Amino acid sequence: MQGKFVIVTGANAGIGKATAAALADKGATVVLACRSKERGEAALNELSCVNGRCFALMHLDLADLDSVRAFAAAFAERYGRLDVLVNNAGILGGRRLLTKQGFEMAFGVNYLGAFLLTMLLLPLLEQSEQGRIIMMTSVAHGWVDVRFDDLNYTHGYNRFLAYGHSKLCNLLFTRALSEKLRARGSRVTINAVHPGIVATDIVVNRVTGRFRWVADLMRLFFLSCEEGAETSVFLASDPALSRVNGEYFVNCKIESSSLDSKDLEKANRLYDVSLKLCQITMDPLPPPRPRILI
Ligand SMILES: NC(=O)c1ccc[n+]([C@@H]2O[C@H](COP(=O)([O-])OP(=O)(O)OC[C@H]3O[C@@H](n4cnc5c(N)ncnc54)[C@H](OP(=O)(O)O)[C@@H]3O)[C@@H](O)[C@H]2O)c1
């Protein structure tokens, strides 16, 4: 990864922090994209303790599409290149909350913010020798089908179902975008990851500290953050994966995802709806590459 530029969202904690550390250890320059200045700086200080690692910290709040746009513009201006985007950040959520633009929080943070970020950074990934996008999903994607008539869960909200729904959207996006990139002859790939059940603070309320005891208990039984980061790191760095596109990975291996997540019609429909929700009017995809016939 020497000389490569990587963004990891939600890199101040859990799997994201471990992913950032491992990729920096492989020689990449890693931008920690974090919503909290305080938690971001704490992670930056901790991670930078190891000699030779190269990090930068930038602000990104996926619950605000204006923040996503500001991040993408600032990143492009500062670095002008990107090799790997790890869309890691995510929330499990509690009671039903809305993002700044009024989207249900899990849908907005876990999916729509990452969708917009990816579309805005595609031109930079296109310029890379072989750009890669990694979407963090979960086995929870299999709990639900996509709710085109109620993407924001105004009816029958349940935190676990809303979480599963957002993770299904991530897989459908992986499917739709991989097909579109392939059809245009792009070298950019997008793959999705379930990291395993990992002992992180995902269950802990960041404001009140509620459910800290659950996180502490999890550490006795589940994977460490470093183990949870292994598949993302593999997808970001293994040279053998340069043509692997649109797949679902668990434990560094391709696995079958739910039937709904493989439905290309649904995937394309969600993609079109998402462009509208993000108010993207121009075609954000790269122009088709000319095919060389020998
Ligand atoms: N842990 C598991 O067993 C498991 C299983 C399957 C999938 N996953 C997925 O793995 C990913 C990482 O989760 P984790 O378990 O490592 O949880 P975590 O320790 O809670 O880390 C989540 C990260 O996302 C960030 N984040 C939350 N809301 C954000 C926002 N609005 N904008 C930007 N960043 C935001 C958090 O920042 P703050 O510190 O500021 O909150 C934190 O850095 C998630 O997508 C999760 O769904 C986890």
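Look a little higher up for the structure.
Cut-offs applied
- Residues numbered from 1 in each chain as written.
- Predicted model: local features only at pLDDT ≥ 70, side-chain atom pairs only at ≥ 80, totals over all residues.
- Helix = DSSP H or I, 4+ residues; strand = E, 2+ residues; numbered from the N terminus.
- Rg over C-alpha atoms; globule rule 2.2 N^0.38 Å.
- Buried ≥ 20, exposed ≤ 12 C-beta atoms within 10 Å, placed from the backbone.
- Near = placed C-beta within 6 Å.
- Nonpolar A, V, L, I, M, F, W, Y, C, P; charged D, E, K, R; others polar.
- Right-handed = clockwise from strand over helix to strand, strands pointing away.
- Pairing = 2+ DSSP bridges.
- Expected span 1.5 Å × (residues − 1).
- Arc of directions from axis to C-beta.
- Axes fitted to C-alpha atoms, helices over the stretch in contact; angles between N-to-C directions.
- Bend = angle between axes of the 7 residues up to and from the residue.
- Contact = placed C-beta atoms within 7 Å.

Asks: Requested: an account of the overall build of the chain, with residues and values cited.
Replies: In terms of regular secondary structure, the chain is built from eight helices and eight strands. Taking 2.2 N^0.38 as the reference for a compact globule, 294 residues should give roughly 19 Å; the C-alpha atoms of the chain span a radius of gyration of 18 Å, in line with that estimate. Each principal axis of the C-alpha distribution contributes one length, and for the chain these read about 65 × 50 × 35 Å. A total of 294 residues make up the chain; the buried ones form 47% of that total.

Asks: Account for the site of the ligand, with residues named and values stated.
Replies: Around the ligand lies a shell of 30 residues, among which Gly10, Gly14, Gly90, Thr200 and Ile202 are the nearest. Taken together, the elements giving at least two residues each to the shell around the ligand come down to α1 (14-25) and α4 (105-127). The greatest single-element share of the shell around the ligand, amounting to three residues, is contributed by α1. Taken together, the residues of the shell around the ligand sort by class into 13 nonpolar, twelve polar and five charged.

Asks: Can you tell me about the pairing of strand β5 (residues 132-136), naming the residues and giving the values?
Replies: Burial analysis of β5 places five of its five residues in the buried class, the great majority of the element. Traced from strand β4 (residues 84-87) through α4 to β5, the parallel crossover comes out right-handed. With five bridges joining them, β5 and strand β6 (residues 189-194) adopt parallel strand pairing. Among the inter-strand pairings, Arg132 is bridged to a residue of β6, identified as Thr189. Since β5 and β6 lie parallel, the crossover through helix α5 (residues 159-183) that links them has a hand, and here it is right-handed.

Asks: Before we move on, can you summarise helix α3 (residues 65-79) with the specific residues and values?
Replies: Residue pairs three or four apart in sequence face the same way in an α-helix, which turns once every 3.6 residues. With 15 residues, α3 ought to run about 21 Å at 1.5 Å a step, and its terminal C-alpha atoms sit 21 Å apart, in line with that. Of all the positions in α3, only Leu65, Val68, Phe71, Ala72 and Phe75 are classed as buried. Down the axis of α3, the buried set is contained in an arc of 110°. They therefore lie on one face. Residues of α3 that are exposed and point more than 90 degrees away from the buried face comprise Asp66, Ala73, Glu77 and Arg78. Residue Gly80 follows α3 closely and has a positive phi angle near 65°.

Asks: Could you give me a rundown of the environment of Leu44, with the residues and numbers involved?
Replies: Looking at where Leu44 falls in the secondary structure, it is placed in helix α2 (residues 37-47). For Leu44, a count of 17 C-beta atoms within 10 Å puts it in the partly exposed group. Considering only alpha carbons, one finds Leu44 and Phe55, eleven residues apart in sequence, at a separation of 7.2 Å.

Asks: A description of the environment of Ser232 should follow, citing residues and the corresponding values.
Replies: For Ser232, the position within the fold is in helix α7 (residues 225-237). Note: C-alpha distance between Ser232 and Trp143 (89 residues apart in sequence) is 23 Å.

Asks: Before we move on, could you go through the sheet that holds β5 and cite the residues and values that matter?
Replies: Reading across the sheet, the eight strands line up as β3-β2-β1-β4-β5-β6-β7-β8 and stay open at both edges, with mixed pairing between neighbours. The open sheet terminates on both sides in strands that have one partner only, identified here as β3 (54-59) and β8 (253-255). Across the sheet, the axes of successive neighbouring strands diverge by a mean angle of 25°, strand direction being ignored. When strand β1 (residues 5-9) meets β4, the two strands line up parallel, connected through three bridges.

Asks: Run through α7, naming residues and quoting values.
Replies: The end-to-end C-alpha distance of α7 is 18 Å, a good match for the 18 Å that 13 residues give at a rise of 1.5 Å each. In the structure, α7 departs most strongly from a straight axis at Thr231, where the bend amounts to approximately 35°. All of the buried residues in α7 are Cys225, Gly228, Ala229, Glu230, Thr231, Ser232, Val233, Leu235 and Ala236. Here the buried face of α7 lies against β1, α1, β4, β5, β6 and β7 (248-250).

Asks: Give a description of unusual backbone geometry that names residues and reports values.
Replies: One non-glycine residue with positive phi stands out, namely Phe211, at about 75°. Tracing the backbone shows Phe211 in the loop between β6 and α6 (212-221). Despite not being glycine, Asn251 has its phi angle at roughly 55°, a positive value. Along the chain, Asn251 turns up in the loop between β7 and β8.

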